[in-house]
Amino acid sequence: MAAAAVDSAMEVVPALPEEAAPEVAGLSCLVNLPGEVLEYILCCGSLTAADIGRVSSTCRRLRELCQSSGKVWKEQFRVRWPSLMKHYSPTDYVNWLEEYKVRQKAGLEARKIVASFSKRFFSEHVPCNGFSDIENLEGPEIFFEDELVCILNMEGRKALTWKYYAKKILYYLRQQKILNNLKAFLQQPDDYESYLEGAVYIDQYCNPLSDISLKDIQAQIDSIVELVCKTLRGINSRHPSLAFKAGESSMIMEIELQSQVLDAMNYVLYDQLKFKGNRMDYYNALNLYMHQVLIRRTGIPISMSLLYLTIARQLGVPLEPVNFPSHFLLRWCQGAEGATLDIFDYIYIDAFGKGKQLTVKECEYLIGQHVTAALYGVVNVKKVLQRMVGNLLSLGKREGIDQSYQLLRDSLDLYLAMYPDQVQLLLLQARLYFHLGIWPEKSFCLVLKVLDILQHIQTLDPGQHGAVGYLVQHTLEHIERKKEEVGVEVKLRSDEKHRDVCYSIGLIMKHKRYGYNCVIYGWDPTCMMGHEWIRNMNVHSLPHGHHQPFYNVLVEDGSCRYAAQENLEYNVEPQEISHPDVGRYFSEFTGTHYIPNAELEIRYPEDLEFVYETVQNIYSAKKENIDE
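Residues numbered from 1 in each chain as written. Predicted model: local features only at pLDDT ≥ 70, side-chain atom pairs only at ≥ 80, totals over all residues. Heavy atoms only, no water.

Novice: Just checking my understanding: could you explain the packing of helix α12 (residues 214-235) against helix α15 (residues 301-314) for this structure?
Specialist: Axis angle and axis distance: for two packed helices, these are the angle between their axes and the distance between the axes, and together they describe the pair. Where α12 contacts α15, the two axes come as close as 10 Å, and the packing angle between them is 60 degrees. Regarding the angle of α12 to α15, the classification is oblique. Where α12 crosses over α15, the two elements pack in a sense that is right-handed. In contact with Gln218, Ile221, Asp222, Ile224, Val225 and Val228 of α12, α15 contributes Leu307, Thr310, Ile311 and Gln314. Looking at side-chain class alone, the contact of α12 with α15 contains six nonpolar, three polar and one charged residues. (Axes fitted to C-alpha atoms, helices over the stretch in contact; angles between N-to-C directions. Helix = DSSP H or I, 4+ residues; strand = E, 2+ residues; numbered from the N terminus. Parallel < 35°, antiparallel > 145°, perpendicular 65-115°, else oblique. Left-handed = near helix turned anticlockwise from the far one by under 90°. Contact = heavy atoms within 4.5 Å. Nonpolar A, V, L, I, M, F, W, Y, C, P; charged D, E, K, R; others polar.)

Spelled out as structure tokens, the structure:
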């Protein structure tokens with residue numbers, strides 16, 4: 001039903017036939033109008049592409065006005081897909097009619113693929129080869145992405161399954177593009193010191209659906225630089241940094257002039273704009289994303305240091321990054337140019353601590369330990385990015401609620417893009433793929449991916465044969481289980497063995513004990529978990545134990561849980577459940593309940609009738625009581 005609804009919105013641009021004789025009364029009056037007026041009428045916004053096609057077939061004058069590279073078709077394209085106009089230069093020749101047709105075809109192809117995903121991948125994660133159809137599409141990728149964004153922006157609470165898979169496809173496409181850009185960036189010479197550019201790639205990869213660009217982030221930093229210059233002008237109106245033009249890489253050599261810049265920076269960043277280190281919520285991934293650091297005006301030592309470093313260098317102060325243990329720092333040289341320097345010839349700057357300037361002794365006091373001189377040395381871009389990704393990797397390992405382990409997967413991808421032969425991380429990636437491949441979802445392609453990773457590990461480090469052998473054994477066992485899998489299990493409410501099941505898929509429930517809101521997406525007549533899970537969850541302490549219906553529920557905090565029937569009750573004030581997997585199972589939220597998509601309905605074909613009956617009894621009765 002959703003597919004039909006969205007497809008109906010796609011227009012077909014008619015072919016332009018040979019000129020026809022004007023037969024409509026009054027047409028001669030119309031074509032005698034000045035060209036600018038006619039063009040204005042045709043671009044008024046009330047005419048569709050099909051209308052323009054018909055208008056252009058009436059006579060030579062209108063056909064010329066509607067030429068494929070003219071303003072009329074450009075306006076049709078702009079009105080239909082405004083976000084794409086930024087990809088065209090005003091000076092370029094563009095066949096707008098042809099672009100319209102290509103974009104429309106890409107939209108139809110995108111919707112066809114999105115519609116197929118639910119049927120193909122309902123029972124498993126979208127596997128690594130699941131996007132092969134997309135990679136083989138003809139036409140500009142930006143057109144395909146734009147259609148996916150249009151699906152995501154569809155209004156209302158309908159087409160949830162479409163939005164779910166459109167999001168996954170768009171996530172994949174953008175990540176692949178960003179990862180390729182990052183790999184090319186890492187091939188730059190060691191003296192290429194665009195720390196900000198590398199940090200933005202990490203930000204983009206972990207947030208591919210956000211509109212993040214180096215240009216926009218640089219523009220925000222430039223606005224901070226302007227404020228610093230304004231303050232600096234009050235300190236020294238002849239300061240050489242004030243004469244720098246955007247994009248220049250000039251450096252100031254006098255220490256006193258550099259000090260004036262840093263004083264102005266500290267005032268603007270920490271006093272005027274209120275940037276600060278995030279001590280209260282230190283272990284939050286947002287602290288490592290540069291666009292979030294600028295929005296929230298807080299971060300951790302490495303992200304705050306990169307911001308500080310970028311501003312200082314734009315104003316001519318040659319600060320350098322220091323990969324100091326436990327606390328990333330910057331160093332500021334105090335020695336004479338060309339002299340032999342040691343660690344005591346630098347002042348160390350703590351951007352996390354409001355730009356405080358530290359001696360070597362104070363640096364050691366900051367982390368509570370003595371360190372060797374080597375740890376005060378400058379590091380290149382790749383080492384800085386390695387530390388940023390390492391921080392994200394540590395946070396990803398701490399994930400509890402997010403059962404997709406998205407941050408862990410993203411950070412592993414990034415780390416292995418920089419260091420592809422890290423055996424322990426390859427093992428971790430193999431275990432993660434294996435985990436996501438067999439529980440709770442199954443994916444044959446992920447199993448093959450595990451085997452590829454394990455073979456690579458064995459080549460790198462034969463000493464890992466024990467861990468590799470264990471994973472290979474379980475992976476091959478999984479392949480055998482896949483061969484024995486039967487078809488879809490259908491659960492009928494009318495079946496005698498399901499007589500004790502009280503609730504249905506799509507109902508909004510509340511947990512009696514823990515108070516969380518959730519939606520049911522599956523049920524079993526009795527607990528189907530193993531003895532260990534039953535023991536760990538203390539199921540035997542329940543009055544009805546494990547001999548009662550249990551329900552798979554999506555919880556508002558993003559988790560998936562398995563709840564006993566006696567612990568659930570109807571939510572008298574139903575609301576949308578903001579869980580990332582809602583669209584995987586449901587096509588629409590009605591305001592009182594969710595409607596299952598076609599794949600879920602196949603598995604529970606009789607539940608929807610029970611849902612309607614429940615909604616009528618529970619919520620209609622409540623409304624009548626309120627009206628009285």
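Novice: Please explain the nonpolar core as it appears in this structure.
Specialist: For soluble globular proteins, nonpolar side chains are generally found buried alongside one another. One finds Met265, Tyr308, Ile311 and Leu319 to be the most contacted residues of the largest nonpolar core, which totals 75 residues. Residues within four places of Leu319 in sequence aside, it is in contact with Leu262, Tyr308, Leu309, Ala312, Arg313, Leu330, Arg331, Trp332 and Ile349. The next biggest cluster of nonpolar side chains, apart from the first, holds 31 residues, and it includes Tyr503, Leu554, Ala563 and Leu568. (Core = buried A, V, L, I, M, F, W, Y, C linked by side-chain atoms within 4.5 Å. Buried < 20%, exposed > 50% of the residue type's maximum accessible area, 1.4 Å probe, protein only.)

Novice: Honestly, the environment of Ser250 in this entry has me stumped. Any pointers?
Specialist: Here Ser250 shows up in the loop between α12 and α13 (255-272). Residue classification places Ser250 among the partly exposed residues on the basis of a relative accessible area of 32%. Separated by 63 residues in the primary sequence, Ser250 and Arg313 place their C-alpha atoms 8.4 Å from one another. Setting aside residues no more than four positions away along its own chain, Ser250 makes contact with Phe244, Arg313 and Gly316.

Novice: I would appreciate a short explanation of the packing of aromatic side chains in the present structure.
Specialist: Each aromatic ring pair is summarised here by two numbers: the centre-to-centre distance and the angle between the ring planes. All told, the structure shown has 25 aromatic pairs when counted by the stated rule. When the ring of Tyr88 is compared with that of Trp96, the centres are 4.9 Å apart and the planes differ by 55 degrees; the resulting orientation is tilted. Neither residue differs from the other here; Tyr88 and Trp96 are each classed as buried. Consider the rings of Phe324 and Tyr376, whose centres lie 5.0 Å apart with planes at 55 degrees: the pair is tilted. (Phe/Tyr/Trp six-rings, centres within 6.5 Å; stacked < 30°, edge-to-face > 60°.)

Novice: Where do I start with the sheet that holds strand β7 (residues 508-511) in this structure?
Specialist: The five strands are arranged β10-β9-β8-β7-β11 in an open sheet whose pairing can be described as antiparallel. A single partner strand is all that each edge strand has here, and the edge strands are β10 (560-564) and β11 (568-570). Neighbour-to-neighbour, the strand axes of this sheet turn through a mean angle of 50 degrees, independent of strand direction. Note that β7 and β11 share three bridges and pair antiparallel. What sits directly across from Met509, in β11, is Tyr570. (Pairing = 2+ DSSP bridges.)

Novice: Would you mind going over unusual backbone geometry with me for this structure?
Specialist: Trans is the prevailing form of peptide bonds, just as negative phi is the prevailing case for residues other than glycine. The backbone phi angle of Ala159 is positive, close to 55 degrees, even though this residue is not glycine. Its location among the elements puts Ala159 in the loop between α9 (141-152) and α10 (160-186). Since its relative accessible area comes to 8%, Ala159 is described here as buried. Positive phi, normally seen in glycine, also occurs at Ser326, with a value near 70 degrees.

Novice: Got a minute to help me understand the pattern of salt bridges in this structure?
Specialist: Once the charged atoms of two side chains with opposite charge are near each other, the side chains can pair. According to the stated counting rule, one finds 13 salt bridges in the structure shown. Here Glu141 ties to Lys177 by a salt bridge, and the two come within 3.7 Å at their closest N and O atoms. Of this pair, Glu141 sits in helix α9 while Lys177 sits in helix α10; the two residues are 36 residues apart in sequence, bridging distant segments of the chain. On the basis of relative accessible area, Glu141 is assigned to the partly exposed category, the value being 37%. For Glu496, the salt bridge identified is with Arg499, shortest N-O distance 3.2 Å. For Arg499, a relative accessible area of 58% puts it in the exposed group. The network of salt bridges with shared partners includes Arg103, Arg111, Asp146 and Glu147. (Salt bridge = Lys/Arg side-chain N within 4 Å of Asp/Glu carboxyl O.)

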